[in-house]
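Below are the chains, spelled out letter by letter.
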Amino acid sequence: MSPKATVREVLGGFWSLLVGMRITLGQFLKPIITVQYPHQTLKVPPRFRGHIELVLDPETGLSRCTACKLCERACPSESIAVDGAKLEGQKTKSVTDYRLNFTTCSLCGSCVEVCPFDAIQFSKAYNVVSYRREQFSQMDLVAQLEAKKQQWHRPAPPPAASPAPAPAAADGPLPAEGKAS
Amino acid sequence: MNFLNLEPVRLLLYLVGICGFVGFNAAYLVLAERKIAGRVQRRPGPNEAGVGGWMQPFADVGKLFAKQVMIPPGVDVLLYCAAPLMVMAPPLICLVTVPFGEALVARNINLGLLLVFSLGSINVMALLFGGWASRNKYAVISAARVVSQNVAYEIPMLLVVITILMATGTMDLNEIIRQQAGGFWNWNILKGVWTLTNPLMPVTFVIFFICMLAETNRAPFDMAEAESELVAGAFTEYGGMGFGVFFMAEYTNIVLGCSLATVLFFGGWQSPIGVLSGPIWGPVWFLVKLYALIFMVIWVRWTFPRTQFYGLLNLSWKILIPISLFTLLLSGALITLTRVL
């Protein structure tokens, strides 16, 4: 290498180091962009596919499910088990037990698509945790719906990067101890 | 005031003061490093332990103390145990001579600079011992790298220091600072430029800074640790507080290196504008300059990736040594010239 090229390489290299340092200093002075997850959460996108849940009909305050079992048949992995009964003074059957095996569910959405009453939808629950397998292998959607009714008057879900809602476990109520055993 | 001049009192004050200073710095520079790293990457860094993460050092130290000190089978026990002590002792001793203020120096040795540089190299020997004694291939590779790296960077570092010495004519750190009185234009980094004794003094500082990074094994020259290639290099087999001491020593070395840079180039405890000097403001100025330089060290670490080993040696032998030799020659010639004229 000629001496001129060497000098140019050394000076150019040093200049590039300074440019790099200017960039990192610029980033250093800019505000933080990460979301502090346990304290803040992002808004869950509307098309997010959590486990399925029963829809609460705002008019009746009950589930729209008539236990027609179309979802049970549509499920490719046989993850759904529905039971229904005719209640006093009603023309149609209503759901009494809706069990989802979330461990085998692939979130394909066939059940949601096939439902003629729009009685099931994808939930927004992404932080479902449990110490017990049964909470996932036998998710009790009816019990979850009952729990949701209790929260009916709670305020709307928070917008992006706002204080987090109640801890994760509140998202999906556990099936009662007695039922699981 | 006579009480303070008693030898045992001085010794005690030195031990307590330096250990406190070093402990505080080692603990909180780790936090500062992680915070700055976070900010550079647009995240907040540790912020869960205490407000803004100020208790993180306590958590870290508590964790390290709680860990078992394990001596792996097959290691050279004596060297293995001696290495953390040897890596920690030299910077502690070197801080004896560092003048934090005109009167705030444990012992003003008139060969202070020589003491610092003679003890500074023991750090390398400690890493060599630790790496060799660990009986681990990564540690041995790391130890070999550290030695060749430090041999390479000791040379330009000393050449730079000789350049400074020719201008100052003394190795007494306090005296070097006194010569830089009057304002920032009298600091060594700028003095040589306008008095024409060494117009390349800023370049000299850059070389000093690069060599300091290499001597303290800081990124982009952290060949000793190189966690992505050598696990943890010479520290692979160390755990708990043994590892913690290596970590503390790294930060103590940074503090020492930046103190030296402050003394040699930035006028130590001298005020930059000539006002606000005195026994109270002196240490304040010193610490401001010290931490500004330490910030730069951390800033450099989070900007540049680790160099390759060949690049590292090429930088020293092909670029830094020729340039520092040239500045030495130029400085010598100009000083002689100004004396003759």
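**Student:** Now, about the sheet that holds strand β3 (residues 80-86) of chain A: what can you tell me, with residues and values included?
**Tutor:** Residues and elements named next belong to chain A. One open sheet holds the three strands; their spatial order is β3-β4-β6, and the pairing between them is antiparallel. The sheet terminates laterally at β3 and β6 (139-140), the two strands that pair on one side only. Pairing analysis gives two bridges linking strand β4 (residues 93-100) to β6, with the strands arranged antiparallel. Counted as the bridge partner of leucine 100 is methionine 139 from β6.

**Student:** Report on the pairing of β4 of chain A, specifying residues and quantitative values.
**Tutor:** All names here are of chain A. Pairing analysis gives seven bridges linking β3 to β4, with the strands arranged antiparallel. When the bridges of β4 are listed, isoleucine 80 appears paired with leucine 100. Counting the residues in the hairpin turn of β3 and β4 gives six residues, including glycine 89, whose phi is positive at 75 degrees.

**Student:** An account of the packing of helix α7 (residues 137-168) of chain B against helix α10 (residues 201-215) of chain B is needed here, citing residue identities and associated values.
**Tutor:** All names here are of chain B. Contact geometry of α7 with α10 gives a least axis separation of 9 Å together with a crossing angle of 145 degrees. Considering only the axes of α7 and α10, their crossing is left-handed. Contacts from Gln149, Asn150, Tyr153, Pro156, Met157, Val160 and Thr163 in α7 reach Thr204, Ile207, Phe208, Cys211, Ala214 and Glu215 in α10. Broken down by class, the residue content of the contact of α7 with α10 amounts to eight nonpolar, four polar and one charged.

**Student:** Go over helix α14 (residues 309-340) of chain B, please, and point to the residues and values.
**Tutor:** All names here are of chain B. Helix length check: α14 (32 residues) gives 45 Å between terminal C-alpha atoms against 46 Å at 1.5 Å per residue, within 8%. At leucine 320, α14 shows its largest bend, some 35 degrees, and a proline, proline 322, comes one to four positions later. Inspection of α14 places Leu312, Leu315, Ser316, Leu320, Ser324, Thr327, Leu328 and Ser331 among the buried residues, and these make up the whole buried set. Those residues of α14 that are buried are in contact with α7 and α10.

**Student:** Could you give an account of the confidence of the model for chain B, with specific residues and numbers?
**Tutor:** One rule of thumb: low pLDDT means the predicted coordinates there are not for detailed reading. Residues and elements named next belong to chain B. Residues of chain B with pLDDT of at least 70 account for 98%, and the chain-wide mean is 84. Averaged over each element, pLDDT in chain B is lowest for helix α1 (residues 2-5) (67) and highest for helix α13 (residues 281-301) (89). Across the assembled chains, the prediction reports ipTM 0.74 with pTM 0.78.

Calculation criteria
Residues numbered from 1 in each chain as written. Chains lettered and ligands numbered in written order. Predicted model: local features only at pLDDT ≥ 70, side-chain atom pairs only at ≥ 80, totals over all residues. Pairing = 2+ DSSP bridges. Helix = DSSP H or I, 4+ residues; strand = E, 2+ residues; numbered from the N terminus. Axes fitted to C-alpha atoms, helices over the stretch in contact; angles between N-to-C directions. Left-handed = near helix turned anticlockwise from the far one by under 90°. Contact = placed C-beta atoms within 7 Å. Nonpolar A, V, L, I, M, F, W, Y, C, P; charged D, E, K, R; others polar. Expected span 1.5 Å × (residues − 1). Bend = angle between axes of the 7 residues up to and from the residue. Buried ≥ 20, exposed ≤ 12 C-beta atoms within 10 Å, placed from the backbone. pLDDT = per-residue confidence, 0-100.

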